[in-house]
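The residues making up each chain are set out below.
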Amino acid sequence: MMTRPLKTALVCAALGLASHTALALESDASQPIEIAADQLDLDDKAGTAVYTGDVDMQQGSMQLTAARVEIQRNAQGEVSTVTAHGSDGERAYLEQKPAPDEPVAKGWGDTVIYHAAERRVELIDHAELHQAGDTFNGAYVEYFLDRQEVHARSDNDGKGDQRVRMTLTPRDSE
């Protein structure tokens, strides 16, 4: 289903993505990253890679889809941020298994930013997070993977036009 051109694979290897993207499951970080897109613009000196056009990125339990994905790496060559943008009414989408015994967490936003070192995800504008049966909606939703902590706000730019909404599902008491 997903194709991976040789050039994209070589670029991923050059960026050191496979070994430095800290993801929720320990095994995810050791998995190869596969990215398919219509176009790639790489600036190795600046430490950036920009994928555009129906981008599909996968590593272990993590999957990211968006119209545009920008990957920034730090001076040590490690991935520092992955920024995904939706377009034409379609939001960027990220899913990941936070722990072996936890269900997959799913998030949507016009913009999705993954901060690798902090293991933190920002869902910005038309944000939605589904985590362990609970849902969180608002203009801005922030999710800390390790702590499984969520912060939501009704505004992203001070306008307060998207109320925070939550649906909390009772946990089974077994």
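Structure first, text after, so check above.
Below is a short write-up of the structure. Each chain has its residues counted from 1, running along the sequence as written. In view of the model being predicted, local features appear only for residues whose pLDDT reaches at least 70, and side-chain atom pairs are presented and counted only at 80 or more, with totals across whole chains, interfaces and linings using the full set of residues. By convention in this description, side-chain values take in all heavy atoms of the structure and omit both hydrogens and water.

**Some details on the overall build of the chain**
At step 1: Only runs of H or I of at least four residues qualify as helices and only runs of E of at least two qualify as strands under DSSP, and these elements are numbered from the N terminus. On a plain count of helices and strands, the chain comes out with two helices and twelve strands.
At step 2: Sequence-ordered secondary structure for the chain, helices as α and strands as β, is α-α-β-β-β-β-β-β-β-β-β-β-β-β.
At step 3: Each residue is placed in one exposure class: buried if its accessible area under a 1.4 Å probe, protein chains only, is under 20% of its type's maximum, exposed if it is over 50%, and partly exposed if it falls in between. Looking at the chain as a whole, 43% of its 174 residues are labelled buried.
At step 4: Within the chain, counting contacts between residues at least 6 apart in sequence, those at least 24 apart form 41% of the total.
At step 5: When the accessible surface of the chain is summed, it comes to about 9,400 Å², and 47% of that surface belongs to carbon and sulfur atoms. Throughout, a residue-residue contact means that at least one pair of heavy atoms, one from each residue, lies within 4.5 Å. The method behind every accessible area is Shrake-Rupley, applied with a 1.4 Å probe, and residues are considered shielded solely by the protein chains displayed.

**Observations concerning the environment of E34**
At step 1: Positionally, E34 belongs in strand β1 (residues 34–36).
At step 2: In the structure, E34 is positioned 25 residues away from Q59 in sequence and 6.5 Å away in space, judged by C-alpha atoms.

**Focus on the pairing of strand β10 (residues 134–144)**
At step 1: Where burial is concerned, most of β10 is hidden: ten out of the eleven residues are buried.
At step 2: For two strands to be treated as a pair, DSSP must find no fewer than two bridges joining them. For β10 and strand β12 (residues 165–167), the ladder comprises three bridges, and the chain directions are antiparallel. Looking at the pairing, F136 lines up with M166 of β12.
At step 3: Bridge count between β10 and strand β11 (residues 149–153): five bridges; the pairing is antiparallel. Within β11, the position partnered with Y143 by the bridge is V150.

**Structural notes on the pattern of salt bridges**
For side chains bearing opposite charge, pairing can occur when the charged atoms are close.
At step 1: Here, a salt bridge means any side-chain nitrogen of Lys or Arg that lies within 4 Å of a carboxyl oxygen of Asp or Glu. Throughout the structure, instances matching the rule amount to seven salt bridges.
At step 2: The residue E122 makes a salt bridge to R120 at a minimum N-O spacing of 3.8 Å. Across this residue pair, the class does not change: E122 and R120 are buried.
At step 3: With a closest N to O distance of 2.8 Å, R120 and E142 form a salt bridge. Of this pair, R120 sits in strand β9 (residues 120–131) while E142 sits in strand β10, placing them 22 residues apart in sequence. One exposure class covers both R120 and E142, and it is buried.
At step 4: Residues joined by salt bridges that share partners form a network here, namely E118, R120, E122 and E142.

Distances and angles like these do not, on their own, reveal function.
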